[in-house]
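# Report on the structure
Residue strings, one per chain:
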Amino acid sequence: MIGPVLMQYGNAEQKARFLPRIVSADDYWCQGYSEPVSGSDLAALSLRAEKDGDGYMLNGSKIWTTVAHEADFMFLLVRTDTSGRKQEGVSFLLVDMNAPGLTVRPLPYMTGVHEFNQVFFEDVRTPANMLVGAEGQGWEIAKYLLEFERGGNFLSGRIRAALGRARRAAEWSGVWQDHNFRRRHADLEIRAETVAWTELRILDKAAKGGRPGASSSYIKLLGAEMNKDVTELAMQAAGYAGHWGNKSIANDLGPPSALNASDRYFNHRANSIMGGSNEIQRSIIAKQLLGL
Ligand SMILES: Cc1cc2nc3c(=O)[nH]c(=O)nc-3n(C[C@H](O)[C@H](O)[C@H](O)COP(=O)(O)OP(=O)(O)OC[C@H]3O[C@@H](n4cnc5c(N)ncnc54)[C@H](O)[C@@H]3O)c2cc1C
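Just so you know, these numbers come straight off a predicted model, no measurement behind them.

## Some words on the site of the ligand
Within the structure, the ligand sits among 17 residues, and Ser34, Ser40, Trp64, Ser277 and Glu279 are positioned closest to it. In this structure, glutamine 31 approaches the ligand through a main-chain N or O atom, which is 2.8 Å from a nitrogen atom. Within the backbone of tryptophan 64, a nitrogen or oxygen atom sits 3.0 Å from a nitrogen atom of the ligand. Protein burial of the ligand: of its 980 Å² of free accessible surface, 63% is covered by the chains. Taken together, the residues that form the shell around the ligand break down as eight nonpolar, eight polar and one charged.

## Here we look at the pairing of strand β7 (residues 117–127)
Pairing between strand β3 (residues 55–63) and β7: eight bridges, direction antiparallel. Across the sheet, the residue bridging to glycine 60 is phenylalanine 121, located in β7. In terms of strand pairing, strand β6 (residues 102–106) meets β7 through five bridges, oriented antiparallel. Within β7, the position partnered with proline 106 by the bridge is asparagine 117.

## A short note on unusual backbone geometry
Phi is positive for alanine 25, close to 65°, though the residue is something other than glycine. When you line up the elements, alanine 25 lands in the loop between α2 (12–23) and β1 (29–32). Its relative accessible area of 60% is what places alanine 25 among the exposed residues. Notably, aspartate 123 is not glycine yet its phi reads approximately 50°, a positive angle. As for its position among the elements, aspartate 123 is in strand β7.

## So, helix α6 (residues 215–238)
With 24 residues, α6 extends 34 Å from end C-alpha to end C-alpha; this agrees with the ideal 34 Å at 1.5 Å per step. Looking one or two residues past α6, glycine 239 carries a phi angle of roughly 60°, positive in sign.

## Topic: the packing of aromatic side chains
Enumeration according to the criterion identifies 13 aromatic pairs in this entry. Plain terms: the ring middles of tryptophan 172 and tyrosine 240 are 6.2 Å apart, the flat faces sit at 65° to each other, and that makes the pair edge-to-face. Separated by 68 residues along the polypeptide, tryptophan 172 in helix α4 (residues 155–173) and tyrosine 240 in the loop between α6 and α7 (250–253) bring together distant segments of the chain. Taking the relative accessible area as the measure of exposure, tryptophan 172 reaches 37% and is therefore partly exposed. Since its relative accessible area comes to 54%, tyrosine 240 is described here as exposed. Here a set of aromatic residues connected by ring pairs shows up, and it is made of Phe18, Trp29, Tyr33, Phe73, Phe75 and Phe92. Between the NZ or CZ atom of arginine 269 and the centre of the ring of tyrosine 265, over which it lies, the distance is 3.9 Å.

Rules of the game
Residues numbered from 1 in each chain as written. Predicted model: local features only at pLDDT ≥ 70, side-chain atom pairs only at ≥ 80, totals over all residues. Heavy atoms only, no water. Near = heavy atom within 4 Å. Polar contact = N/O pair within 3.5 Å; in protein donor to acceptor, adjacent residues only side chain to side chain. Areas by Shrake-Rupley, 256 points an atom, 1.4 Å probe, with all protein chains shown as cover. Nonpolar A, V, L, I, M, F, W, Y, C, P; charged D, E, K, R; others polar. Pairing = 2+ DSSP bridges. Helix = DSSP H or I, 4+ residues; strand = E, 2+ residues; numbered from the N terminus. Buried < 20%, exposed > 50% of the residue type's maximum accessible area, 1.4 Å probe, protein only. Expected span 1.5 Å × (residues − 1). Phe/Tyr/Trp six-rings, centres within 6.5 Å; stacked < 30°, edge-to-face > 60°. Lys NZ or Arg CZ within 6 Å of the ring centre and 35° of its normal.

Below you can see the structure in the form of structure tokens.
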């Protein structure tokens, strides 16, 4: 997500500092977009960044921040101006997660998994060279990033891997003999194929210097639905073994393909919300792809 943004909008210093460490996975990033009062209506965000000498002073809070407790840096949208249209006062900043005044509070899932957090900023300072693009350009950059977030996940590969797991688990449990199960499996294989072609079109565009555009919303929408369907299929295939996630006892309980099925099932229910809800994607498709 942040890689393409720095390539497009970052200055030479930011590119040299961050891009190689993204590729080598030395730096791990989290995304500070959502706030308690701004989700779908992202431009309503209110986390304040005020000029403070050669830097910015941040006050406010971000929520639903995946892996904030493990990340080295956050890219975030902040409000630097309250005077004009709400989109105009947004800027795009980078923050070191070890900065004084920054606190991360866990928000565990109902399954007990810890991925989400709320992040609080109390007089957190970030240097001026952590501003990406110009002040007030954040909204444009935010939308650019979302195209890569929604369209850059290599969804078809993940779905095919999940379908492979579901099939192996079904063969193990005997569900593969069920005609209806195999029909649903085949249906998902066909849908994965259609997504793969759309992804290849996006890759082709990117290779020629283009950007994903509204096709990314189409991928995001299909992905949310397919992830739900494929993890439901996997639950049916895995049976009781799907409730176990401990690989050390895997051989006694079921094959690796069946384990963790219930974790994945619950986790993927959130796909139609994260990264912009299905309703928001449908609106973008209607306006930008279909011209309605
Ligand atoms: C698993 C997961 C991980 C996430 N990780 C991150 C992260 O790392 N960083 C981050 O910043 N955020 C993250 N989020 C937050 C995510 O971006 C928001 O949840 C999402 O944008 C929706 O905002 P909201 O939850 O405030 O819901 P709301 O915006 O309050 O929406 C509530 C409901 O109203 C509907 N709705 C709202 N506006 C409209 C409209 N204009 N037209 C039609 N329907 C509408 C929505 O579709 C939804 O059904 C994550 C969310 C999830 C579930």
